[in-house]
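Each chain, written out:
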Amino acid sequence: MTAIWSGLRSGIAAATALTMTTVLPAFAETTITAVMHSGLRVLDPVITTAHITRDNAFMIFDTLVAQDADFVVQPQMANFEVSEDGLTYTFTLRDGLKWHDGGEVTPADCIASIKRWMQRDGGGQMINARMESLEATGDKSFALTLKEPFPYTLEAMAKPSGLALFMMPERLANTPANEPIPEMIGSGPFKFVQDEFQPGVKVVYEKNEDYVPAPGPQSWFAGAKDVKVDRVEWVTMPDAQTSLNALMNGEIDFLEQVPVDLLPLLEGMPGIESKVLAPLGGVSIGRMNFLYPPFDNPKIRKAAEMALSQEDVLTALIGNPDYFKVCGAIFGCGTPFEFTDGSESITSGGDIEGAKALLEEAGYDGTPVVLMQPTDVVTLTAQPIVAAQALREAGFTVDMQPMDWQTLVTRRASQAAPSDGGWNLFFTNWIVPEVSNPLGNIMLPGRGDAAWFGWPTDEEINGMLDDFANASELGDQKAIAQKIQAHVMENVNYIHLGQYFNPSAWSDKLSGVEEAPFPVFWGLEKNG
Amino acid sequence: MPVYFLRRVLAAIPVMLVVAVFVFLLLRLTPGDPAAVLAGDMATPEQLEKIRDSLGLNDPLYVQFFRWMGELLTGDFGTSLISNQPVIDLVADRMWPTIWIALITITLSVIVAVPMGVVAAWKHRSWIDHLVMTFSVLGFSIPVFVIGYLLIKLFALDLGLLPVQGYVAPSEDFPGFAARAVLPALTLASIYIALIARMTRASLLDVLGEDYVRTARAKGLTETRVLFRHALRNAAVPVMTVIGTGFALLISGVVVTESVYNIPGLGRLTVDSIFARDYPVIQALILLTSGIYVLVNLLIDLSYSFLDPRIRY
């Protein structure tokens, strides 16, 4: 029997080897095969905030400026100078920057890219509202002039998530912001291989041989993006067990997310390493509808928040406490604006009795809470179940309605009454860099119909956000961030449910795997 | 026969038209918004509205329908709302993995299941019959993903004989294609072998009790000749029906098996498109599936007249 297996194995190996010798080029290409968190379908990083589109854009495009691991803005494609009055930002492009089609990167390309981004990004719109001019000042330089100082300008341009600001050739950047760009030509460290792209299945990148890395050590998205492999292939695998099997069988090199419950399969597995690469992780949040009872009443919102326990939610969501953190800071633990004011109840197991008392004081009349529960997104199925139980214990009437995520995202845009197809409460997740800055945190503005889903009207927080936008010193910013933290906890602009961390796993043939909010493929080497 | 064929093909046109109208309306009445998928979680209501406008989703339904029908009549299946790729390219890329796996599965199933069913009927109520029936019940009862994972564990992870997952076109790398096709085909075949073997056995048992079989035996024909020349051919009509519909089912998507083995086939494309509310892709896939069902049914009907001389069109 053993001989039969051995013979079969040799036969297949021989056949495969024979084929490989006929198809492999004369030199050995180094290819990293990775399974990312989802399949790439939308390519334009200005149209969507989808994380996989952002990850793809970081491979192909480069950024003017970039945030490093210390949250400091660093030059990337361009050096920058800020005038003493804080009104003029002058950018000077590095020498040798080229698009993947061979053209030189010019100020006109960058200006068009910034203008397109300003139409879609919240930070970009804030800059645009204060902009006096944006024009070339030389062959390699251009200047952004503001009507009033806006200290957040460089941070908005350097933020890695949400809608990051990528530079594109002018002809692409002139595409209307609501229409996708027709081709993927950037100046980044990798070139997009259009012929091999299969939406939702596979995306292939080749090393950009003309790329000139920025000076300085690699740090998150700043510094040298030194590519040390010939190709990178992202293969989509919808089944987590399959991707794990593929890693164990040596068919892939890198797996961005390993479900925590499957992690024990990798423990002690020779040739496989695993670790949390995004140290800030993600946050889970609950958002209420401010337009309708019962959550139009701040006391009832507070009662709901008091009923919840981060630990209960995170235990149901993640399970293993090594991979979650009870954290009361709405801007995330481990960030410059980490404050925990007002979070005592939710971080210490909830306060059902307190919630009951507050509900009674608020005169809650039993109006059902329409809670939307997505059933097809594994990272969002636990929160509504745990929350519904806690809310019921506190005395809420909960109408939990299961639906697929697409139905939820459509329904959450509806301002109809909850009994008429609207809603009261839903949950979603963000990565910490998306909520870590008050001006980048889309859930904070209280601009009524123009606010994010839930539509709070909250002049007090709008004033604090304006103060933050005008504060140039970190100390002042921190003081305002702390006030925002306390206000959000008191007013319950949203419910902060703590932090969680996704482990990644990779073959030990890879070296240079670095921590970052999401995977970067520059600096990686593959041996053997 | 040619008149019958032509009549059936013409009859398919109103069927496809009804399917087109039904699918179009059903998708538009189902909650979901491709613009929300496209824009992501951070889009504001105003931005979503602009994207809906640019995709033509705010046009009246009848305008959208006639625009789609107009494109279809010129052979244009439209463009994916999400990936912005031509639908015809997306479907064509995903069709071949599915077709190959379906062909291998059905061929393997017929080769194994028909003899199993014949032997079970021939040796009715013997241990071999019980064995075949036990296998059938098991094959039909165990979920495909369980069989899939067990086969992966044994043949890929433990024995290291075959890859865990993936697909390569046979034209690019035939040994690679074959190595990757074995486990998915075996997994799917476990169901179809069970189904076809059971149907072959039942159908053959019916036929073996017919008068003409008794007559054939009375004429002194050998049991083998009775079985294969007189009984099996007449028992083949319901078996062909099962094989045909099984093939159509395989083509229309086997999403669990495609997910377990990471095969980029039509099943996954269908599910992904539904989750993303990618209307043009879903519409094209359902039309394609309907067309395949119509075609397969026609071929099955035509095959009856070859198998059973009593059936004439």
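S.K.: For this particular structure, what's the right way to read the overall build of chain A?
M.R.: Along the backbone of chain A there are 15 helices and 21 strands. A globule of 528 residues ought to have a C-alpha radius of gyration of about 24 Å, and chain A, at 25 Å, matches this closely. Along the three orthogonal principal directions, the C-alpha set of chain A runs to about 80 × 75 × 40 Å. Here chain A holds 528 residues, and the buried ones make up 57% of them. Counting contacts in chain A only where the partners sit at least 6 residues apart, residues at least 24 apart contribute 72% of the total. Summed over its atoms, the accessible surface of chain A is roughly 20,000 Å², and 50% of this surface lies on carbon and sulfur atoms. Taken together, the 34 basic and 69 acidic charged side chains of chain A have centroids lying 3 Å from each other.

S.K.: Mind showing me how you'd approach the confidence of the model for chain B here?
M.R.: When pLDDT is averaged along chain B, the result is 90, and 99% of the positions lie at 70 or above. If you check the scores for this complex, the pTM reads 0.86 and the ipTM reads 0.84.

S.K.: Got a minute to help me understand the confidence of the model for chain A in this structure?
M.R.: The predicted coordinates of low-pLDDT regions are not to be read in fine detail. Per-residue confidence for chain A gives a mean pLDDT of 92; residues scoring 70 or more make up 95%. The low-confidence segment residues 1-26 of chain A, where pLDDT is below 50, has 13 contacts with residues more than four positions distant or belonging to other chains.

S.K.: How should a nonpolar patch on the surface be read in this particular structure?
M.R.: All names here are of chain B. A cluster of nonpolar residues, L17, V21, L25, L29 and L61, forms a patch on the protein surface that exposes about 440 Å² of accessible area. No other element matches helix 1 (residues 2-29), which puts four residues into the nonpolar patch. Here V21 shows up in helix 1. When its relative accessible area of 35% is taken as the criterion, V21 is described as partly exposed.

S.K.: Just checking my understanding: could you explain the packing of helix 5 (residues 87-122) of chain B against helix 12 (residues 266-276) of chain B for this structure?
M.R.: Relative placement of two packed helices is described by the angle separating their axes and the distance separating the axes. Residue and element names in this part refer to chain B. Taken N-terminus to C-terminus, the directions of helix 5 and helix 12 make an angle of 140 degrees; their axes are 8 Å apart at the nearest point. One element, helix 5, and the other, helix 12, form an angle in the oblique class. Across the interface between the two elements, L90, V91, R94, M95 and T98 of helix 5 pack against L266, R268 and L269 of helix 12. Class assignment of the residues belonging to the contact of helix 5 with helix 12 gives a composition of five nonpolar, one polar and two charged.

S.K.: How should the sheet that holds strand 5 (residues 88-93) of chain A be read in this particular structure?
M.R.: Within a sheet, adjacent strands bond to each other through the backbone by hydrogen bonds, running parallel or antiparallel. Residue and element names in this part refer to chain A. One open sheet holds the four strands; their spatial order is 4-5-7-6, and the pairing between them is antiparallel. This sheet does not close on itself; its edge strands, each paired only once, are strand 4 (78-82) and strand 6 (131-136). Each strand axis lies, on average, 15 degrees off the axis of its neighbour in the sheet, ignoring direction. In the packing of helix 3 (residues 107-120) onto the sheet, contacts are made with strand 5, strand 6 and strand 7 (141-146), and the angle to strand 6 comes to roughly 150 degrees.

S.K.: Is there a simple way to explain the packing of aromatic side chains in this structure?
M.R.: Where two aromatic rings form a pair, the distance of their centres and the angle of their planes describe that pair. All names here are of chain A. Following the criterion strictly, the structure yields 34 aromatic pairs over all chains and no others. Here the aromatic rings of F58 and F518 are separated by 5.4 Å at their centres, their planes lie at 50 degrees, and the arrangement is tilted. Highlighted residues: F58 in helix 2 (residues 51-60) and F518 in the loop between strand 20 (510-511) and strand 21 (525-526), separated in sequence by 460 residues. You can call F518 buried: its relative accessible area is 3%. An angle of 75 degrees between the planes, with centres 5.9 Å apart, marks the rings of F150 and Y152 as edge-to-face. Using a relative accessible area of 0% as the deciding quantity, one classes F150 as buried. With relative accessibility at 5%, the residue Y152 sits in the buried group.

S.K.: Help me out: how do you make sense of helix 3 (residues 45-55) of chain B in this one?
M.R.: Side chains of residues three or four places apart in an α-helix project in the same direction, reflecting 3.6 residues per turn. Residues of helix 3 of chain B that are buried: Q47, L48, I51 and R52 of chain B. Take helix 3 of chain B and look down its axis: the buried residues cluster within an arc of 140 degrees, on one side only. Projecting away from the buried face of helix 3 of chain B at angles above 90 degrees are the exposed residues E46 and D53 of chain B. In this structure, the buried residues of helix 3 of chain B make contact with helix 3 and helix 4 (122-129) of chain A together with helix 2 (34-39) of chain B. Positioned one or two residues after helix 3 of chain B, G56 of chain B has a phi angle of 80 degrees, which is positive.

Rules and cut-offs
- Residues numbered from 1 in each chain as written.
- Chains lettered and ligands numbered in written order.
- Predicted model: local features only at pLDDT ≥ 70, side-chain atom pairs only at ≥ 80, totals over all residues.
- Heavy atoms only, no water.
- Helix = DSSP H or I, 4+ residues; strand = E, 2+ residues; numbered from the N terminus.
- Rg over C-alpha atoms; globule rule 2.2 N^0.38 Å.
- Buried < 20%, exposed > 50% of the residue type's maximum accessible area, 1.4 Å probe, protein only.
- Contact = heavy atoms within 4.5 Å.
- Areas by Shrake-Rupley, 256 points an atom, 1.4 Å probe, with all protein chains shown as cover.
- Lys, Arg positive; Asp, Glu negative; His and termini not counted.
- Charge placed at Lys NZ, Arg CZ, Asp CG, Glu CD.
- pLDDT = per-residue confidence, 0-100.
- Patch = residues over 30% accessible without salt bridge, like charges linked within 9 Å, V, L, I, M, F, W, Y side chains within 5 Å.
- Salt bridge = Lys/Arg side-chain N within 4 Å of Asp/Glu carboxyl O.
- Axes fitted to C-alpha atoms, helices over the stretch in contact; angles between N-to-C directions.
- Parallel < 35°, antiparallel > 145°, perpendicular 65-115°, else oblique.
- Nonpolar A, V, L, I, M, F, W, Y, C, P; charged D, E, K, R; others polar.
- Pairing = 2+ DSSP bridges.
- Phe/Tyr/Trp six-rings, centres within 6.5 Å; stacked < 30°, edge-to-face > 60°.
- Arc of directions from axis to C-beta.

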